[in-house]
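Fold and contact review
Take a look at the letters that make up each chain.
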Amino acid sequence: FEKLVFKPAPGTPRYDDFSGGKILRGTVTTEEGDTYTGDVRWDSDEAYSWEMLNGQSRDVTFRIELGMIKNISRNSYRESQVTLWDGRTFDLRGSNDVDESNKGIIITQTGGKDVFVDWDEFKSLEFAK
């Protein structure tokens, strides 16, 4: 350790500084190579960027805001790799968000057509920025 520099704190956030989140949007790829792009409902119920993805790695429990996630890839029926926009990657398990208990992914494509991708068929989800 060589140096610590204190700086003034940024201004206090105002209510208007918070957007309230946005609808999740991205591209789901299946094991067969099919792709579906649109609004996404993860685990059949999480649809907004402020909602949380839960999982565990070793003895650490994670609750990650979905808006911070760039990609989710299924490693196996019991584990998924979660990559954040800042580049960090976690292999998570122990939650229906990241394992075989997942209730599936619903993609509402342009034009309003819903596509359901079961966990057995799911390969990856790339979120739109």
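Structure report, in brief. In every chain, residue numbers begin from 1 and rise along the written sequence. Totals for whole chains, interfaces and linings use every residue, but because this is a predicted model, local features are given only for residues with pLDDT of at least 70 and side-chain atom pairs only at 80 or more, for both listing and counting. Only hydrogens and water are set aside when side-chain values are computed; all heavy atoms of the structure are taken into account.

1. Re the nonpolar core
- As used here, the term nonpolar core means buried Ala, Val, Leu, Ile, Met, Phe, Trp, Tyr and Cys residues forming a set that is joined through side-chain atoms within 4.5 Å. Note on exposure labels: buried denotes an accessible area under 20% of the residue type's maximum, exposed denotes more than 50%, and partly exposed covers the range between, all computed with a 1.4 Å probe on protein chains only. If you look at the biggest cluster of nonpolar residues, it comprises 23 residues, and the most contacted ones within it are Trp42, Leu53, Ile64, Ile69, Val82, Leu92 and Phe122.
- By the criteria applied, helices consist of DSSP H or I runs no shorter than four residues and strands consist of E runs no shorter than two, each listed in order from the N terminus. Listed by contribution, the elements that provide at least two residues to this core are strand 4 (60–65), strand 5 (69–76), strand 6 (79–84), strand 7 (89–92), strand 8 (105–108), strand 9 (114–117) and strand 10 (122–127).
- The criterion used for residue contact is that any of the two residues' heavy atoms lie within 4.5 Å. Ignoring any residue separated from it by four or fewer positions in sequence, one finds valine 82 in contact with Leu53, Ile64, Ile69, Asn71, Arg88, Thr89, Phe90, Leu92 and Val98.

2. Some words on a nonpolar patch on the surface
- Exposure above 30% relative accessible area and no salt bridge define the residues that can form patches, which grow by joining like charges within 9 Å and nonpolar side chains of Val, Leu, Ile, Met, Phe, Trp and Tyr within 5 Å. Every accessible area reported is derived by Shrake-Rupley at a probe size of 1.4 Å, with residue values counting cover from the shown protein chains alone. Should a side-chain nitrogen of Lys or Arg be within 4 Å of a carboxyl oxygen of Asp or Glu, the pair is scored as a salt bridge. Together, Phe1, Leu4 and Phe6 make up an exposed nonpolar region whose accessible area comes to about 490 Å².
- Relative to the helices and strands, phenylalanine 1 resides in the segment before strand 1 (25–30).

3. Regarding unusual backbone geometry
- The phi torsion at aspartate 43 lies on the positive side, around 55°, for a residue other than glycine.
- On the secondary structure map, aspartate 43 appears in the loop between strand 2 (35–41) and strand 3 (52–57).
- In this structure aspartate 43 comes out as buried when scored by relative accessible area, which is 1%.
- Its identity as a non-glycine residue notwithstanding, arginine 58 has a phi of 55°, on the positive side.
- Mapped onto the elements, arginine 58 comes out in the loop between strand 3 and strand 4.

4. Section: the packing of aromatic side chains
- Each Phe, Tyr or Trp ring (for Trp, its six-membered ring) is paired with any other whose centre lies within 6.5 Å, and the angle between the two planes then decides the class: stacked below 30 degrees, edge-to-face above 60, tilted in between. Going through the model one piece at a time under the given rule, you end up with five aromatic pairs.
- Ring geometry for phenylalanine 62 against phenylalanine 90: centres 4.7 Å apart, planes inclined by 50°, an arrangement best described as tilted. Highlighted residues: phenylalanine 62 in strand 4 and phenylalanine 90 in strand 7, separated in sequence by 28 residues. The exposure classification of phenylalanine 62 matches that of phenylalanine 90, with both residues buried.
- Plain terms: the ring middles of tryptophan 119 and phenylalanine 122 are 5.4 Å apart, the flat faces sit at 20° to each other, and that makes the pair stacked. Neither tryptophan 119 nor phenylalanine 122 differs from the other in exposure class; each is buried.
- Through a chain of ring-to-ring contacts, the aromatic side chains of Trp42, Trp119 and Phe122 assemble into a single cluster.
- Here arginine 74 stacks its cationic end above the ring of tyrosine 77, 4.9 Å away from the centre of that ring. Two thresholds decide whether a charge sits over a ring: the Lys NZ or Arg CZ must be within 6 Å of the ring centre and within 35 degrees of the ring normal.

Everything listed is a geometric property; what it means functionally is a separate question.
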